[in-house]
Amino acid sequence: MADTVRHVLITGGAGQVGLELMRARWPDDVRLHAPTRDELDLTDADSITRLFQATPFAAVINPAAYTAVDKAEDDVAAAFAVNAIGPALLAEATQRAGIPLIHVSTDYVFDGSAPGAYDESDPVAPLGVYGASKLAGELAVRSGNPRSVVLRTAWVFSAHRANFLKTMLRVGAQNPTLRVVADQRGCPTSAADIAEALVTIALRMMNDPSAPNGTYHFVNSGEATWHEFAARIFAEQTAFTPPVVDAITTADYPTRARRPANSRLATARITRDFGVRPRPWEEAMRDVLAELKAETTR
Ligand SMILES: NC(=O)C1=CN([C@@H]2O[C@H](COP(=O)(O)OP(=O)(O)OC[C@H]3O[C@@H](n4cnc5c(N)ncnc54)[C@H](OP(=O)(O)O)[C@@H]3O)[C@@H](O)[C@H]2O)C=CC1
Ligand SMILES: Cc1cn([C@H]2C[C@H](O)[C@@H](COP(=O)(O)OP(=O)(O)O[C@H]3O[C@@H](C)C(=O)[C@@H](O)[C@H]3O)O2)c(=O)[nH]c1=O
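Per an unreviewed UniProt entry, the chain goes by the name dTDP-4-dehydrorhamnose reductase and belongs to Brevundimonas pondensis. Per UniProt, the chain has the following entry under Pathway (unreviewed entry): "Carbohydrate biosynthesis; dTDP-L-rhamnose biosynthesis." UniProt annotates the chain under Catalytic activity (unreviewed entry) with the comment "dTDP-beta-L-rhamnose + NADP(+) = dTDP-4-dehydro-beta-L-rhamnose + NADPH + H(+)".

Structure (structure tokens):
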């Protein structure tokens, strides 16, 4: 008898977006597979082959990545292995299996020189190794499996793993004053909301072989500088007396990697093609703060 279960492979299931994909609402006939790092290492072609031999996947979602932006500058080979070679191998495997691949990418493929929000057709020019490796991954996915979506997102926060929101809560509880850059502007985005968009795209692509493909932007609506993001986090949290947050320039806060001054993403295309409507980042952030609060009071 034919397998009536639709098997969906989720890479990086322990990451921010991967975890939210595992918690997201899926139809009853979908079975999620989130292999551990021992079972799936994106840099190891054999581990991908073994997985595909064991299970007839109906789709693959790839949020796994090397995400340490500064470290990548000195760890070029490792960043490219995960962010470029891994997606190339997944594109090859999904193309051979005749199934869609949904890949997650970043606003850091842009150099930040545009005056407004970037749309999907704007020219890319990454400033650092992380962005360059993610761009190489995008190209490999598009050319390796035309039945694919590259979903670019930005400034991801959630109650899990490492992210700017959690860093601010940690250092803000310990320091009366913080210094945060006020000349880099982007779109803070909830991992749970990204997961919801990915579910919509994956279901559509599984159900309809002629579903839209290509590059899409998904971020929560609104925008902020890192300084505004930090200030809002402290205004909304109730766990401790908020620190004073000084607005500084990028030059005042030297980092190993350069970051775009403007990486706002326009989302009209995903709304038009998939009906996905982003909600304001402040609203999504309140959900995450509530989740963190519930965890500490449990
Ligand atoms: N974080 C952000 O602010 C942004 C992220 N993105 C993109 O969104 C996606 C999801 O990011 P996010 O959830 O924050 O990432 P995380 O850093 O939270 O998680 C990344 C996941 O990838 C896994 N991983 C790393 N290397 C490998 C490998 N060789 N084989 C298999 N799995 C591996 C990690 O495994 P392990 O659990 O073992 O560490 C981890 O589970 C990524 O593609 C990222 O580039 C885009 C814009 C912003
Ligand atoms: C901790 C801290 C950071 N900053 C600055 C440094 C940097 O310019 C900015 C953000 O710092 P972070 O290192 O937390 O964020 P960063 O790692 O640059 O975040 C990026 O991650 C990758 C994975 C992406 O794809 C991007 O969309 C983006 O989310 O804030 C301060 O100004 N003060 C501080 O106390």
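A. Geometry of helix α7 (residues 191-207). Between its first and last C-alpha, α7 extends 24 Å over 17 residues, near the 24 Å set by a 1.5 Å rise per residue. Summarising burial for α7: 12 of the 17 residues are buried, a large majority. Listed in full, the buried residues belonging to α7 are Ala191, Asp193, Ile194, Ala195, Ala197, Leu198, Val199, Ile201, Ala202, Leu203, Met205 and Met206. Two or three places before alanine 192, at the start of α7, stands the capping residue serine 190, its side-chain oxygen 3.1 Å from that residue's backbone nitrogen.

B. Region of the structure containing the site of ligand 2. With respect to spatial proximity, 18 residues lie near ligand 2, and among them Thr106, Asp107, Tyr130, Arg179 and Arg259 are the closest. Between ligand 2 and tyrosine 108, the relevant distance is 2.9 Å, taken from an oxygen atom to a side-chain nitrogen or oxygen of the residue. For ligand 2, an oxygen atom lies 3.0 Å from a polar atom in the side chain of glutamine 184. For ligand 2, whose accessible area on its own is 710 Å², the fraction buried by protein is 82%.

Cut-off values and rules
Residues numbered from 1 in each chain as written. Chains lettered and ligands numbered in written order. Predicted model: local features only at pLDDT ≥ 70, side-chain atom pairs only at ≥ 80, totals over all residues. Heavy atoms only, no water. UniProt positions renumbered as here; feature names shortened; annotations may be inferred. Helix = DSSP H or I, 4+ residues; strand = E, 2+ residues; numbered from the N terminus. Expected span 1.5 Å × (residues − 1). Buried < 20%, exposed > 50% of the residue type's maximum accessible area, 1.4 Å probe, protein only. Polar contact = N/O pair within 3.5 Å; in protein donor to acceptor, adjacent residues only side chain to side chain. Near = heavy atom within 4 Å. Areas by Shrake-Rupley, 256 points an atom, 1.4 Å probe, with all protein chains shown as cover.

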